[in-house]
Amino acid sequence: TTDRVPLVPALGEALIAYVRHRPEAPHDALFLTAKAPIRPITGNGVSGTARKYLKLAGVKSARLGSHTLRHSLAVELLQRGSSIETIGDVLGHTHPQSTFIYAKADVEHLREVALDIRGVLP
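All residue numbers refer to position in the chain's written sequence, counted from 1. For a predicted model such as this one, the threshold for reporting local features is a pLDDT of at least 70, and the threshold for listing and counting side-chain atom pairs is 80 or more; totals across whole chains, interfaces and linings nevertheless cover every residue. Based on all heavy atoms of the structure, the side-chain values leave hydrogens and waters out of the count.

## Let's talk about helix α4 (residues 84-91)
Inference 1: The set of residues buried in α4 consists of Ile 87, Gly 88 and Leu 91. Down the axis of α4, the sector holding all buried residues measures 100°, keeping them to one side. Exposed and oriented more than 90 degrees from the buried face of α4 are Glu 85 and Asp 89.
Inference 2: Where α4 is buried, its residues touch α3 (66-79) and α5 (96-100).
Inference 3: Helix and strand labels come from DSSP, where a helix needs a run of H or I of at least four residues and a strand needs a run of E of at least two; each type is numbered from the N terminus. Two residues or fewer past α4, Gly 92 is found with a positive phi of approximately 80°. Relative accessibility decides the category of a residue: with a 1.4 Å probe and only protein chains considered, values under 20% of the type maximum give buried, values over 50% give exposed, and everything between is partly exposed. Relevant arc is that of directions from the helix axis to the C-beta atoms, nothing else. Throughout, a contact is declared for two residues whenever any of their heavy atoms are within 4.5 Å.

## Points about the nonpolar core
Inference 1: Note on terminology: a nonpolar core comprises buried Ala, Val, Leu, Ile, Met, Phe, Trp, Tyr and Cys residues joined through side-chain atoms within 4.5 Å. By size, the foremost hydrophobic cluster in this structure holds six residues: Ala 74, Leu 77, Leu 78, Ile 87, Leu 91 and Tyr 102.
Inference 2: Every element with two or more residues in this core is listed here: α3 and α4.
Inference 3: Tallying contributions element by element places α3 first for this core, with three residues.
Inference 4: Beyond its immediate sequence surroundings of up to four residues, Leu 77 is in contact with Ser 82, Ile 87 and Val 90.

## Quick look at the packing of helix α2 (residues 43-56) against α3
A pair of packed helices is captured by two measures, namely the crossing angle of their axes and the spacing between those axes.
Inference 1: Orientation of α2 relative to α3, taken along the N-to-C sense of each, is 70°, at an axis distance of 7 Å. The angle between α2 and α3 places the two elements in the roughly perpendicular class. Contact residues: α2 offers Val 46, Ser 47, Ala 50 and Leu 54, while α3 offers Ser 66, Thr 68 and Leu 69.
Inference 2: Just so you know the grouping, Ala, Val, Leu, Ile, Met, Phe, Trp, Tyr, Cys and Pro go in nonpolar, Asp, Glu, Lys and Arg go in charged, and all remaining residues, Gly too, go in polar. For the contact of α2 with α3, a count of residues per class yields four nonpolar, three polar and no charged. The axes are straight lines fitted to the C-alpha atoms, using for helices just the contacting stretch, and the angles between their N-to-C directions are given from 0 to 180°. Here is the rule for angles: anything less than 35 degrees is roughly parallel, anything more than 145 is roughly antiparallel, 65 through 115 is roughly perpendicular, and the remaining ranges are oblique.

## A look at the pattern of salt bridges
Inference 1: Any carboxyl oxygen of Asp or Glu that lies within 4 Å of a side-chain nitrogen of Lys or Arg is treated as forming a salt bridge with it. One pass over the structure, following the stated rule, counts one salt bridge.
Inference 2: Between Arg 80 and Glu 76 there is a salt bridge, with its nearest N and O atoms 2.4 Å apart.
Inference 3: The exposure class assigned to Glu 76 is partly exposed, which follows from its relative accessible area of 35%.

## Comments concerning a nonpolar patch on the surface
Inference 1: Residues enter patches when their relative accessible area tops 30% and they take part in no salt bridge; the joining distance is 9 Å for like charges and 5 Å for the nonpolar side chains Val, Leu, Ile, Met, Phe, Trp and Tyr. Computed by Shrake-Rupley with a 1.4 Å probe, the accessible areas treat only the displayed protein chains as cover when residues are assessed. A surface patch of nonpolar side chains, amounting to about 400 Å² of accessible area, comprises Val 19, Leu 30, Phe 31, Ile 41 and Val 46.
Inference 2: Looking at where Val 46 falls in the secondary structure, it is placed in helix α2.
Inference 3: What makes Val 46 partly exposed here is its relative accessible area of 43%.

## Points about the layout of surface pockets
Inference 1: Two kinds of site are reported from a 1 Å grid over the protein atoms alone, namely cavities, where a 1.4 Å probe fits but cannot get out, and pockets, open sets with protein on both sides within 12 Å along at least five of seven lines, and residues are called lining when an atom falls within 4 Å of a point. Grid points are joined across faces, edges and corners, and a volume is the space filled by probe spheres set on the points. Of the pockets and cavities examined, the largest pocket occupies roughly 420 Å³.
Inference 2: Looking at the largest pocket, it is lined by 14 residues, and the ones nearest its centre are Ile 41, Gly 45, Val 46, Thr 49 and Ala 50.
Inference 3: Ranked by the residues each element gives to the lining of the largest pocket, the list is headed by α2, at four residues.

## A few points about the packing of α3 against α4
Inference 1: Contact pair α3 / α4: the axes reach a minimum separation of 10 Å and the direction vectors enclose 150°. Classified by the interaxial angle, the pair formed by α3 and α4 is roughly antiparallel. The hand of the α3/α4 crossing is right-handed. Two secondary-structure elements touch here, α3 through Arg 70, Leu 73, Ala 74, Leu 77 and Leu 78 and α4 through Ile 84, Ile 87, Val 90 and Leu 91.
Inference 2: In the contact of α3 with α4, the residues fall into eight nonpolar, no polar and one charged. Left-handed describes a crossing whose near helix is turned anticlockwise from the far helix by less than a right angle; the clockwise case is right-handed.

Without other data, these values stay purely geometric and don't point to any function.
Here it is as structure tokens:
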């Protein structure tokens, strides 16, 4: 399947620059490894690279990888008021149930900003 998503101009320009300067390879894949042997990047390769840079950035999470980036985006969109449907569309989910897991982040956010009422009620 093919997903079509809008790109901000800076990302589009970066992709064009990458394609113009990437190594030659007999592969149809867009993204290739940077070291020999040149081959298509796998999902594990993407997740491993994300893990490496998330660690370098000091991100703390039980599970670091590309999923961490997807989860962070979903939570950010939720906190900015995006609907579950919109978040699902951005993440490429076909069923809303796949996106509902991110709604729990909103409850956690509410807990962070909730007033402490201990001692206020009789």
